[in-house]
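Each chain is listed here by its residues.
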Amino acid sequence: MPSLILHIDEILENTFKISSIKAVEKIIIDIIEEELEAKKNNCQIIWVQSKIISSNYKIFGELKFRDKETRNIDKRNKCLKRIGKILQNKFNVFIRLRAFSIKDASITALDLEN
């Protein structure tokens, strides 16, 4: 269930190429798998082009995941730091990331596939 939503300032449009983003996304998913003990098929990254006007942080991300005993504060911090370094190396801007654990074990979800 780990879901990372990344709001990318539209001024970064020139460095936001799908081909290079796929490689970054794979690295980030590998980090989430390793640090949060997540299954690859449950991880998703959503890239949202945004207009960030008054903030110095040109990438803002929110990582949400189900709360588990193994996903302690150290693991979450390490995960965010590793993801942040990857994004900072790629885009060379200030990054702000937040992590939220969802404690309710009865999350209702729906996946539709063709």
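Please refer to the structure placed before this passage.
The paragraphs below set out a description of the structure included in this document. This one's a predicted model, so the numbers in the text were calculated from it and none came from an experiment.

## Some words on the side chain of Ser 50
Position of Ser 50 among the secondary structure elements: in strand S2 (residues 44-50). If we ignore the near neighbours within four places in the chain, the residues touching Ser 50 are His 7, Ile 8, Asp 9 and Glu 10.

## Things to note about helix H1 (residues 18-36)
The end-to-end C-alpha separation of H1 is 26 Å, in line with the 27 Å expected for 19 residues at 1.5 Å each. Residues of H1 that are buried include every one of Ile 21, Val 24, Ile 28, Ile 29, Ile 31, Ile 32, Glu 35 and Leu 36, and no others. Axial view of H1: buried residues confined to an arc of 160°, hence all on one face. Of the exposed residues in H1, those oriented more than 90 degrees away from the buried face are Ser 19 and Lys 22. The secondary structure elements touched by the buried residues of H1 are strand S1 (3-9), S2, strand S3 (57-66) and helix H2 (73-91). Glu 37, located one to two residues past H1, shows a positive phi value of around 50°.

Cut-offs used in this document
- Residues numbered from 1 in each chain as written.
- Predicted model: local features only at pLDDT ≥ 70, side-chain atom pairs only at ≥ 80, totals over all residues.
- Heavy atoms only, no water.
- Helix = DSSP H or I, 4+ residues; strand = E, 2+ residues; numbered from the N terminus.
- Contact = heavy atoms within 4.5 Å.
- Expected span 1.5 Å × (residues − 1).
- Buried < 20%, exposed > 50% of the residue type's maximum accessible area, 1.4 Å probe, protein only.
- Arc of directions from axis to C-beta.

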